Amino acid sequence: SVQLPTYPSSVIAIVGSSCSGKSTLVATARSCALDIHFPKRLITRTARLGDDIVENEYCSLATLQRLWTSMQLSVRWDRNLGGEHREHYAFRPLEISMPNVLSANNSFARNESVNWCGAVSPAITLVLIHAPSELRASRLHDRSPDLIQTKAAETEVRLGDNADDLRKSVHFVINNYGKNEALALSSFKHIISDILRITS
């Protein structure tokens, strides 16, 4: 589906539920040497099996807060992952001289606790990566068996968030399953380039 933004945008935020395929598609675009900046995403936890250590940087909440205070981050937000468990996220600074692609999550798209450095948010194009719940559960089992075995509540939250509520608020939806999965993987760099061309 396509819902063009009503403003020029040089920032694309890739969102979607856990194991919808965001990291795989972003890694594909990153490997294609496009003239695009991919800011590092900080997460306040340790790395798990199957995590993308090129995309992510892991740190304590205290470290994230220190970086935020010293204005070394562009945006931060957090997400409830069951009970009192909140995970905090942030991105390293955007590159103002070129387009930026942010590998985010559904809480970012919902604007839950999102704070921009300087309180000025850029114009953002939201791209939702979608996969059915059953397929995401299978992918999570293959990617992060340690999460499933040790954090049942978090697993339930992640798999229960199907992002259906975001379909009407994002600008693009990419179905990343079935026959569309191989197509999305092979053409994602062109999809990103095309989105930047028509929204800038």
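First, a word on what this report is: a plain description of the structure on this page. Chains are numbered independently. Their residues run from 1 in the order of the written sequence. Where local features are concerned, this predicted model is filtered to residues with pLDDT of at least 70; where side-chain atom pairs are given and counted, the filter is 80 or more; whole-chain, interface and lining totals use all residues. To obtain the side-chain values, all non-hydrogen atoms of the structure were used and water was disregarded.

Quick look at the layout of surface pockets now. With a 1 Å grid laid over protein atoms only, a set of points is called a cavity when a 1.4 Å probe fits there but cannot get out and a pocket when it is open yet has protein on both sides within 12 Å along at least five of seven lines; lining residues have an atom within 4 Å of a point. Grid points are joined across faces, edges and corners, and a volume is the space filled by probe spheres set on the points. Each pocket or cavity is described by its volume, and for the largest pocket that value is around 540 Å³. In terms of lining, the largest pocket is formed by 33 residues, of which the most central are Cys19, Gly21, Lys22, Ser23 and Arg143. Every element with two or more residues in the lining of the largest pocket is listed here: helix H1 (22–30), strand E2 (41–43), strand E5 (86–91), helix H4 (133–143) and helix H7 (179–199). A run of H or I in DSSP counts as a helix once it spans at least four residues, and a run of E counts as a strand once it spans at least two, with each numbered from the N terminus. With four residues, the single largest contributor to the lining of the largest pocket is H1. Its residues assigned to classes, the lining of the largest pocket shows six nonpolar, 13 polar and 14 charged. Put simply, the second largest pocket is a space of about 150 Å³. Of all the elements in the fold, those that place two or more residues in the lining of the second largest pocket are helix H3 (106–109) and strand E8 (124–130). Split into classes, the residues belonging to the lining of the second largest pocket amount to eight nonpolar, two polar and no charged. Residue classes follow a fixed rule: Ala, Val, Leu, Ile, Met, Phe, Trp, Tyr, Cys and Pro count as nonpolar, while Asp, Glu, Lys and Arg count as charged, and any other residue, Gly among them, counts as polar.

What follows concerns the state of the cysteines. Disulfides are defined in this document as cysteine sulfur pairs within 2.5 Å. Under the counting rule described, the total for this entry stands at zero disulfides. Of all cysteine sulfurs in the structure, the one in cysteine 117 sits closest to cysteine 59, which takes part in no disulfide; the separation is 16 Å.

Quick look at the nonpolar core now. Among the nonpolar cores identified, the biggest contains 22 residues, and Trp77 and Phe108 are the most heavily contacted of them. Secondary-structure elements contributing two or more residues to this core are strand E1 (11–16), strand E4 (75–80), E5, H3 and E8. Note on contacts: a residue pair is in contact if any heavy atoms of the two residues lie within 4.5 Å. Apart from residues no more than four positions distant in its own chain, tryptophan 77 is found in contact with Glu87, His88, Tyr89, Ala90, Phe91, Ala104, Asn105, Ser107, Phe108, Glu112, Ser113 and Val114. Put simply, buried Ala, Val, Leu, Ile, Met, Phe, Trp, Tyr and Cys residues joined by side-chain atoms within 4.5 Å make one nonpolar core. For every residue, the accessible area (1.4 Å probe, protein chains only) is compared with the maximum for its type, and the residue is labelled buried under 20%, exposed over 50%, or partly exposed between those bounds. Membership of the second largest hydrophobic core comes to 17 residues, among which are Val101, Val127, Phe188 and Ile192.

These figures come from the coordinates and say nothing about function on their own.
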